[in-house]
Amino acid sequence: MDLTISDDQRAIVDSVRDVLRDSMPMERVRGALDGDNSGVERLWSQAADLGWFGLGLAQHYGGSGFDLIDEALLFKELGRHLTPGPFLGTLLGARVAAIGGNDDVAEQILLGRAPVGIAVPRRSGDYLIHDAQAATYLLLSDVDRTVLIPAAAARERHRLASLDELSVRESAALTIDPFAEVAESFDPIHARGCTLVAAVLTGIAEATRDMSVTHAKTREQFGAPIGTFQAVKHRCADMGVRAALADAQLLFAALSVSEGQPDAALEVAAARVVAHRAALSNSRETIQVHGGMGVTWECDAHFYLKRTHALRDLYGGERDHRRLLLTASG
Amino acid sequence: MDLSLSQQDLDFRANAREWLRENFPKQSRPNDGPAMREFDLAWQRRQWDAGWAGVSWPAEYQGRGLPLLQQLIWFEECARAGEPDIDSRFVGLNHAGPTLIANGTPEQKAFHLPKILAGELVWCQGFSEPGSGSDLASLRTSGVIDGDDLVVNGHKIWTSFADLASYQELLVRTDPSAAKHRGLTWVICDMSLPGITIRPIKTLDGLSHFCEVFYDDVRIPLANVVGQLDDGWRVAMSTLSFERGTAFTAGQVQLTAVVERLLEVTHERPGPAGQDRAIDDEEIAGQLATLRAEVTALRALTYTHVLRSAGQSQPGPEGSMVKLFYTELRQRVMRLALEVIGPGSGERGLTAASWDEDYLASYSDTIAGGTSEIQRNIIGERVLGLPR
Ligand SMILES: Cc1cc2nc3c(=O)[nH]c(=O)nc-3n(C[C@H](O)[C@H](O)[C@H](O)COP(=O)(O)OP(=O)(O)OC[C@H]3O[C@@H](n4cnc5c(N)ncnc54)[C@H](O)[C@@H]3O)c2cc1C
């Protein structure tokens with residue numbers, strides 16, 4: 001057992017951070033809201049050049065041959081930086097196409113030329129589609145199998161209101177006629193998806209903890225930094241514990257999936273639940289720590305809160321995972 | 001990074017499990033007094049005789065000298081076997097032992113460490129005083145040098161198992177003129193010395209696990225000072241970070257076992273609103289699922305903390321995160337257990353204690369070893385870097 005971050009992994013994180021800082025700083029994320037997509041497009045082609053979409057895909061499939069844990073480190077940064085774009089669907093879609101035997105499609109996706117959205121069935125019988133706008137393909141995933149279908153199969157598309165202005169969602173009717181399919185027992189795409197959602201949420205929990213700590217050190221009231229007041233300090237301490245817990249569990253989930261450990265399902269469900277709770281509590285509390293500024297559009301806190309809510313049902317909501325937690329063997 | 005155990009670790013686990021199957025005490029553990037001490041020490045002695053004591057203690061001090069990971073595996077296997085609480089062995093194995101290893105003289109180590117590992121005696125911790133709990137450094141029990149002795153006068157309180165202990169790690173003020181954190185000394189106190197009076201205190205569960213201890217001109221040889229005179233704060237802090245870091249591993253494993261037991265119980269028993277099974281109660285099911293996620297994550301946090309601090313001589317302040325989360329989680333788990341089993345059932349839980357007793361005992365967790373509020377201060381200031 002080895003739980004230390006390797007030099008290679010540190011290098012991945014550093015490089016992702018550099019790219020995001022340069023190409024997608026918060027001004028550009030906000031720019032995307034005003035319809036300026038230049039940042040998003042530039043980042044997208046950089047991500048393809050850097051092999052992000054095939055980070056954990058074996059080299060013989062055209063990927064970089066790293067592990068799920070390395071993808072989790074990447075997605076944690078995407079969560080931290082509130083990066084918009086169909087990263088999750090595209091990375092998983094490339095995997096499904098490659099493993100499902102559709103090399104040409106896999107190549108197009110890996111090159112960033114064919115973004116992939118994620119379709120989630122709704123009770124009403126139609127589908128909720130995440131990142132629908134520019135998608136060439138759609139991914140549909142459940143605990144038994146994951147399929148890839150052309151985005152053109154979506155009919156009656158309607159843009160849905162989204163609490164998170166940075167993620168575009170549509171409703172649509174779908175005819176499911178997959179051209180690539182991977183059984184969960186062959187390659188656990190669904191478990192990987194859950195883990196990567198947990199990674200994004202963990203990144204959010206860390207970012208909001210850091211925002212709070214920075215503010216608590218600098219903002220002064222009553223002649224002292226507000227971080228000296230225990231009501232604020234203890235709030236920050238709790239944020240720190242939640243983020244550390246989510247991060248440790250993320251590691252266990254990612255490693256147990258790629259190692260095929262017998263308790264992987266439990267580890268993943270735990271990671272998803274703990275990370276969701278951490279992201280939700282931390283983003284809520286960071287608003288409080290920021291005072292009046294916390295409820296302004298200008299403060300980034302609300303974006304984290306909204307992103308957390310937007311991720312609620314992606315790859316199984318907390319309710320599904322809770323059910324799993326009551327049955328999975330440890 | 002990987003989670004898989006090496007062949008050596010797997011062999012170690014298999015051997016541990018097999019040995020525990022044969023040797024784990026069959027009788028149930030008395031929950032108080034000298035009978036409990038005898039039970040605990042006999043169990044420790046059995047481990048020592050078979051070479052299982054002090055898995056990660058250095059071999060030069062009669063430990064096995066094995067990696068921390070195998071220590072964790074040992075704790076896990078003990079808990080899986082249903083090990084009674086480490087309780088009366090806690091201070092010796094998790095405080096005094098590690099502190100002596102880090103700070104003791106060769107003579108102190110040679111005399112005390114084997115006795116701790118071999119289960120010859122119980123240790124206790126004399127830090128807290130009536131006027132000095134969270135503000136430990138304000139303590140006033142005095143130690144005055146007289147010839148080759150330190151003459152101690154004062155009053156300690158909340159001293160767990162003082163009435164069962166042979167030795168005590170005692171913190172006294174040796175330089176009253178120095179600043180609060182200076183001028184303290186950590187000394188080994190023989191509990192049979194003249195001038196010591198011990199008065200047990202009854203706790204909310206009706207037991208008496210801690211005591212008041214009065215010192216009236218107690219003469220302790222200066223040779224018993226650990227570290228330097230007036231350097232006791234540093235020595236004490238190395239002990240406390242052990243307590244907050246690795247020392248709760250066994251308890252955490254037990255907590256996971258409790259949650260898994262509750263999962264079984266809720267499938268076997270009726271729910272509070274007359275459901276066939278308690279698990280069909282939405283509130284119980286929801287809480288149990290969250291708790292299972294949390295104990296799973298606690299294990300990940302503990303492993304990450306322990307393995308990453310393996311190279312350091314003492315665990316860092318991150319141990320406070322483990323302590324804080326573990327103790328508050330344990331209270332949530334025991335609260336749900338009481339809800340599911342029903343209060344006052346008197347029914348035996350996983351150990352010899354009843355669910356009621358375990359529930360009541362969980363109230364101590366967030367106070368003993370530094371309250372949750374103090375842990376939050378430490379996390380805020382020393383982990384996150386917030387101003388004091
Ligand atoms: C079961 C048990 C076993 C124990 N065993 C031992 C032992 O073997 N040896 C030993 O030496 N001690 C032992 N203790 C004592 C324990 O370490 C103290 O009880 C603890 O440190 C708190 O001190 P106190 O009881 O004086 O409470 P106080 O320090 O008076 O605290 C009272 C309340 O005020 C809060 N508070 C105090 N200061 C602050 C602050 N700065 N910021 C925010 N809140 C604050 C506390 O969190 C608490 O809620 C034991 C305690 C228990 C419950």
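Keep in mind it's a predicted model, so treat the numbers as computed, not measured. (Residues numbered from 1 in each chain as written. Chains lettered and ligands numbered in written order. Predicted model: local features only at pLDDT ≥ 70, side-chain atom pairs only at ≥ 80, totals over all residues. Heavy atoms only, no water.)

**Things to note about the pairing of strand S3 (residues 137–141) of chain A**
Residue and element names in this part refer to chain A.
- Among the 5 residues that make up S3, 5 are buried, leaving the element largely enclosed by the rest of the structure.
- Covered by surrounding structure in S3 are Tyr137, Leu139 and Ser141 together with Leu138 and Leu140, the residues of both alternating faces.
- Relative to S3, strand S1 (residues 116–121) runs parallel, the two sharing 4 bridges. Paired with Ala119 across the strands is Leu140, a residue of S3.
- Summarising the sheet, S3 and strand S4 (residues 145–150) pair through 5 bridges and their orientation is antiparallel. Bridged to Leu140 within S4 is Val147.
- Two successive antiparallel strands, S3 and S4, enclose a turn made up of 3 residues. (Buried < 20%, exposed > 50% of the residue type's maximum accessible area, 1.4 Å probe, protein only. Helix = DSSP H or I, 4+ residues; strand = E, 2+ residues; numbered from the N terminus. Pairing = 2+ DSSP bridges.)

**A short note on the nonpolar core**
- In terms of nonpolar packing, the biggest core is built from 152 residues, with Trp52, Phe75 and Leu148 of chain A together with Trp74 of chain B touching the most fellow members.
- Residues in contact with Leu148 of chain A, not counting those within four places in the same chain, are Gly93, Val96, Ala97, Val105, Ile109, Val116, Tyr137, Leu138, Leu139, Pro178, Phe179 and Ala180 of chain A.
- In this structure, Leu113, Tyr167, Trp186 and Val235 of chain B belong to the second largest nonpolar core, which totals 26 residues. (Core = buried A, V, L, I, M, F, W, Y, C linked by side-chain atoms within 4.5 Å. Contact = heavy atoms within 4.5 Å.)

**A look at unusual backbone geometry**
- In this model, Leu82 of chain A sits at a positive phi of 55 degrees, which is unusual for a non-glycine residue.
- Considering the arrangement of structural elements, one finds Leu82 of chain A in the loop between helix H4 (68–80) and helix H5 (87–99).
- A relative accessible area of 0% places Leu82 of chain A in the buried class.
- Phi at Asp217 of chain B takes a positive value of approximately 50 degrees, unusual for a residue other than glycine.
- Secondary-structure assignment places Asp217 of chain B in strand S7 (residues 210–221).

**Some remarks on the domain arrangement of chain A**
All names here are of chain A.
- Partitioning chain A into domains gives domain 1 (7–183) and domain 2 (189–329).
- Here the C-alpha centroids of domain 1 and domain 2 sit 21 Å apart.
- Contacts between the two partners involve 34 residues from domain 1, matched on the other side by 36 residues from domain 2.
- A combined buried area of about 3100 Å² lies between domain 1 and domain 2, and 67% of that area is made up of carbon and sulfur atoms. (Domains from an automatic or database assignment. Buried area = accessible area lost by both parts, 1.4 Å probe.)

**Overview of the confidence of the model for chain B**
- Put simply, chain B has an average pLDDT of 92, and 97% of its residues get 70 or more.
- Overall fold confidence for the complex sits at a pTM of 0.96, while the interface term, ipTM, reaches 0.96. (pLDDT = per-residue confidence, 0-100.)

**Re the packing of helix H7 (residues 249–268) of chain B against helix H8 (residues 282–308) of chain B**
All names here are of chain B.
- Contact pair H7 / H8: the axes reach a minimum separation of 10 Å and the direction vectors enclose 155 degrees. Our classification of the angle between H7 and H8 gives roughly antiparallel. For H7 against H8, the interelement crossing comes out left-handed. Seen from H7, the contacting residues are Thr249, Gln252, Leu255, Thr256, Val259, Glu260, Leu262, Leu263 and Thr266; seen from H8, they are Ile284, Leu288, Arg292, Val295, Leu298 and Thr302.
- Grouping the constituent residues of the contact of H7 with H8 by class yields 8 nonpolar, 5 polar and 2 charged. (Axes fitted to C-alpha atoms, helices over the stretch in contact; angles between N-to-C directions. Parallel < 35°, antiparallel > 145°, perpendicular 65-115°, else oblique. Left-handed = near helix turned anticlockwise from the far one by under 90°. Nonpolar A, V, L, I, M, F, W, Y, C, P; charged D, E, K, R; others polar.)

**Comments concerning the interface of chain B and chain A**
- On the chain A side, the residues contacting the 42 residues of chain B number 44 residues.
- Buried surface at the junction of chain B and chain A, both sides included, amounts to about 3800 Å², of which 69% is carbon and sulfur.
- If you sort the residues of chain B by the area they bury against chain A, Met1, Leu3 and Arg292 of chain B come out on top, with a joint share of 22%.
- Where chain B touches chain A, the interface holds 2 salt bridges.
- Two residues, Arg376 of chain B and Asp238 of chain A, come together in a salt bridge whose shortest N-O distance is 2.8 Å.
- Looking at the side of chain B that touches chain A, the elements with two or more residues in it are H7, H8, helix H9 (319–341) and helix H11 (372–383) of chain B.
- Looking at which element gives the most residues to the side of chain B that touches chain A, the answer is H8 of chain B, with 18 residues.
- Counted by class, the side of chain B that touches chain A contains 23 nonpolar, 9 polar and 10 charged residues. (Salt bridge = Lys/Arg side-chain N within 4 Å of Asp/Glu carboxyl O.)

**Quick word on the sheet that holds strand S6 (residues 169–174) of chain A**
Residues and elements named next belong to chain A.
- The strand order S5-S6-S2-S1-S3-S4-S7 describes an open sheet built from 7 strands, whose pairing is mixed. The two strands at the open ends of the sheet, each matched to only one other strand, are strand S5 (154–160) and strand S7 (180–183). On average, each strand axis in the sheet is tilted by 25 degrees relative to the strand beside it, whichever way the strands run.

**Looking at the packing of helix H9 (residues 264–289) of chain A against helix H11 (residues 318–325) of chain A**
Residues and elements named next belong to chain A.
- It is at 9 Å that the axes of H9 and H11 come closest, and there the two elements cross at 140 degrees. In this view, H9 runs oblique relative to H11, as classed from their interaxial angle. Crossing hand, H9 versus H11: left-handed. Residue-level contacts link Ala265, Leu266, Ala269, Ala270, Arg272, Val273, His276 and Arg277 of H9 to Glu318, His321, Arg322, Leu324 and Leu325 of H11.
- Partitioned by chemical class, the residues of the contact of H9 with H11 number 7 nonpolar, 2 polar and 4 charged.

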